[in-house]
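Examining the three-dimensional arrangement
Each chain, written out:
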Amino acid sequence: MRIESDLLGELQIPKNAYYGVQTQRAINNFKISNNYLSQYPEFVKALGIIKSGAAKANYELGILSLELYEAITFASNELIQGKYLDEFPIDMIQGGAGTSTNMNANEVIANIALEYLGKEKGEYQYCSPNDHVNLSQSTNDAYPSALKLALYNMNKPLVEALIKLHISFEKKARTFDDVIKMGRTQLQDAVPMTLGQEFDGFANGLQKEVENLERVSKDFLTVNMGATAIGTGLNAIPGYAQLCTNSIAEIMREDVTLADNLVAATSDASAFVDYSSALKRLCVKLSKICNDLRLLTSGPRTGLFEINLPPKQPGSSIMPGKVNPVIPEVVNQVCFKVIGNDTTITMAAEAGQLQLNVMEPVIGFSIMESIIYLTNAMDTLRVECIDGITANAEHLKKEVLNSIGIVTALNPYIGYKVSTKIAKEALETGGSVYQLVLDHGLLSKERLDEILNPNNMLGPHL
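This write-up is about the structure you can find in this document. (Residues numbered from 1 in each chain as written. Predicted model: local features only at pLDDT ≥ 70, side-chain atom pairs only at ≥ 80, totals over all residues. Heavy atoms only, no water.)

1. Things to note about helix α6 (residues 139-175)
With 37 residues, α6 extends 54 Å from end C-alpha to end C-alpha; this agrees with the ideal 54 Å at 1.5 Å per step. Across the 37 residues of α6, 27 count as buried, placing the element largely inside the fold. One side-chain oxygen of the residue at the start of α6 lies 3.1 Å from the amide nitrogen of N140, identifying that residue as S138. (Helix = DSSP H or I, 4+ residues; strand = E, 2+ residues; numbered from the N terminus. Expected span 1.5 Å × (residues − 1). Buried < 20%, exposed > 50% of the residue type's maximum accessible area, 1.4 Å probe, protein only. Polar contact = N/O pair within 3.5 Å; in protein donor to acceptor, adjacent residues only side chain to side chain.)

Here is the structure:
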């Protein structure tokens, strides 16, 4: 062990640990979620980006020596490359507005830099977590800026999974283009459509969510570096904020910009709320699609039985032969979780007081959890379910021809009132709409065949 000290006194640290006393206090204080910073590599990388950008700005402004700039840059790049993840053992949910996370990064970078300089861990007189790594910064600008950059990068694989799912639905739509079926409203027979049209509707809805996520995620590229404690810039010299932001943009290779009002930006969590709302919106659509898939595959003898989902596991410990739609079910549950996280994020954003929102740790954790769950869920839905769906085409065609719903197509020709009488009689007698129209002499067989041809009812038609 080695001994380090802080405001509260001395504490023992594992001798080989790159983290220091404030990280150890966080380990001791926050045993909450069993989800650790080390499990979120994009966040650790983003902390490295922030610290590297800050070091470059401080060096260019002449307040950090070349030796320390090179050492801190080397150490920060180690984090950017995904190294030293095990040195971030603190709980994602923590008090202190993220100070523990910021200091965890400061301490690890300082000790890596010390080794780079040929010094021992903990010899902070040569490279200090506070005075050098955290120079011109506070948790209140470093933490939210790193969090935003991490979320921006985490959004990329999420969108990629969504695009792949959209493409999968598009392929199924083309496959099912000629499979006629009955459309339903309020779970009742409505008018004919194709299964391809139904799946194309799923695909189109998901495509709009790709556009929405890409739009709202761009707000994460606006940071408040240089705001320091409350946005006034105290302890950062003139020019630092823009120089630091430019350095971060160069490292990220993205259009990272400085917030136009640092006081407002330091307490504002609206970018997180907007993005979480976009995740919720996606989940509402995705869960609805999964509800539809479960309905369409219901049966096989007493349900809709319109499609077949790939069988994945026996469905019951007591009912032989039962196979459940387990993949849509698990995606439904993920959507419920994300929607619940959105409520947490909303309340945490609202709980900000005066010049700082101290609830950002639970905001960040909740969004990261939602992104990871959703990315995995969409990949699972695509690979384990959508790609293997087949249609019961003959059953669907028979249901259309036997449906009362096709009487809707007769409205322009025999009127709503007469069509209603035909529909009622068909229901009461079990007869077909087709035969009843002929029996009552309402239309000729040739004209009726043309009107009630299901293929003529798939779009606007005279």
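Still to come is the rest of the account.
2. Remarks on the side chain of S128
Tracing the backbone shows S128 in the loop between α4 (99-116) and α5 (129-133). Among the polar contacts made by the side chain of S128, one reaches the main-chain amide nitrogen of D131 at a distance of 3.0 Å. If we skip the residues at most four places from it in the chain, S128 touches A110 and V133. (Contact = heavy atoms within 4.5 Å.)

3. Re the pairing of strand β1 (residues 2-6)
Successive side chains on a regular strand alternate, one facing one side of the sheet and the next facing the other. Looking at chain direction, β1 and strand β2 (residues 9-13) are connected through 5 bridges and run antiparallel. Bridge pairing links D6 to G9 in β2. Between the end of β1 and the start of β2, which pair antiparallel, lie 2 residues. (Pairing = 2+ DSSP bridges.)

4. Structural notes on the pattern of salt bridges
Inspection of every chain in the model, using the stated rule, returns 19 salt bridges. Here R25 makes a salt bridge to D6, at a shortest N to O gap of 2.6 Å. Note that R25 is positioned in helix α1 (residues 21-29) and D6 in strand β1, a separation of 19 residues in sequence. With its nearest N and O atoms 3.4 Å apart, the salt bridge here joins D379 to R382. Separated by 3 residues within a single helix, D379 and R382 lie in helix α12 (residues 360-384), roughly one turn from each other. Residue R382 is classed as buried on the basis of its relative accessible area of 17%. What emerges from the salt-bridge pattern is a single network uniting K181, R184, E198 and E306. (Salt bridge = Lys/Arg side-chain N within 4 Å of Asp/Glu carboxyl O.)

5. Some thoughts on the packing of helix α2 (residues 41-60) against α6
Between two packed helices, the angle of one axis relative to the other and the distance separating the axes together describe the packing. Their axes nearest at 8 Å, the elements α2 and α6 cross at an angle of 130°. Our classification of the angle between α2 and α6 gives oblique. Our pair here, α2 against α6, has a crossing hand that is right-handed. Taken together, the residues of α6 that come into contact with α2 (itself represented by E42, F43, A46, L47, I49, I50 and K51) are A142, Y143, S145, A146, L147, L149, A150, N153 and M154. Of the residues assigned to the contact of α2 with α6, the class counts are 12 nonpolar, 2 polar and 2 charged. (Axes fitted to C-alpha atoms, helices over the stretch in contact; angles between N-to-C directions. Parallel < 35°, antiparallel > 145°, perpendicular 65-115°, else oblique. Left-handed = near helix turned anticlockwise from the far one by under 90°. Nonpolar A, V, L, I, M, F, W, Y, C, P; charged D, E, K, R; others polar.)

6. Remarks on the nonpolar core
F43, L149, F199 and L381 are the most contacted members of the largest nonpolar core, which totals 112 residues. A total of 16 residues in this core trace back to one element, the largest contributor, which is α6. In this view, F199 contacts F169, K172, A173, F176, L293, I307 and I389; residues no more than four positions away in its chain are not counted. Listed in part, the 18 residues of the second largest apolar core include V400, V433, L443 and L448. (Core = buried A, V, L, I, M, F, W, Y, C linked by side-chain atoms within 4.5 Å.)

7. Topic: the layout of surface pockets
Within this model, the largest pocket holds a volume of roughly 410 Å³. Around the largest pocket, the lining is made up of 21 residues, and of these T297, G299, P300, V323 and N324 lie nearest the centre. Residue assignment for the lining of the largest pocket shows that the elements contributing at least two residues are β7 (307-308) and α11 (326-350). Residue contributions to the lining of the largest pocket peak at 3 residues, all from α11. Tallied by class, the residues present in the lining of the largest pocket amount to 12 nonpolar, 6 polar and 3 charged. Around the second largest pocket, the lining comprises 14 residues; the ones closest to its centre are R184, E198, D292, L295 and L296. When residues of the lining of the second largest pocket are traced back to their parent elements, those giving at least two are β3 (180-185), α7 (195-217) and α10 (270-296). Of the residues assigned to the lining of the second largest pocket, the class counts are 7 nonpolar, 2 polar and 5 charged. (1 Å grid on protein atoms, 1.4 Å probe; cavity = no way out; pocket = protein on both sides within 12 Å on 5 of 7 lines; lining within 4 Å. Points joined across faces, edges and corners; volume = space filled by probe spheres on them.)

8. Focus: the environment of L135
Within the secondary structure layout, L135 lies in the loop between α5 and α6. Between the C-alpha atom of L135 and that of N58, which follows or precedes it by 77 residues, the distance is 7.5 Å. Contacts of L135, omitting those with residues within four sequence positions, involve N58, I63, L64, N130 and Y240.

9. Focus: the packing of aromatic side chains
Per the stated rule, a full pass over the model turns up 11 aromatic pairs. With a centroid separation of 6.3 Å and an interplanar angle of 85°, the aromatic rings of Y40 and F365 are classed as edge-to-face. With Y40 in the loop between α1 and α2 and F365 in helix α12, the pair connects residues that are 325 residues apart, well separated along the chain. Pair check on accessibility: Y40 and F365 agree, each one buried. One aromatic cluster is present, built from ring pairs that chain together F169, F176, F199 and F202. We note K119 situated over the ring of Y126; from NZ or CZ to the ring centre the distance is 4.2 Å. Over the ring of Y18 we find K121, and its NZ or CZ is 4.4 Å from the ring centre. (Phe/Tyr/Trp six-rings, centres within 6.5 Å; stacked < 30°, edge-to-face > 60°. Lys NZ or Arg CZ within 6 Å of the ring centre and 35° of its normal.)

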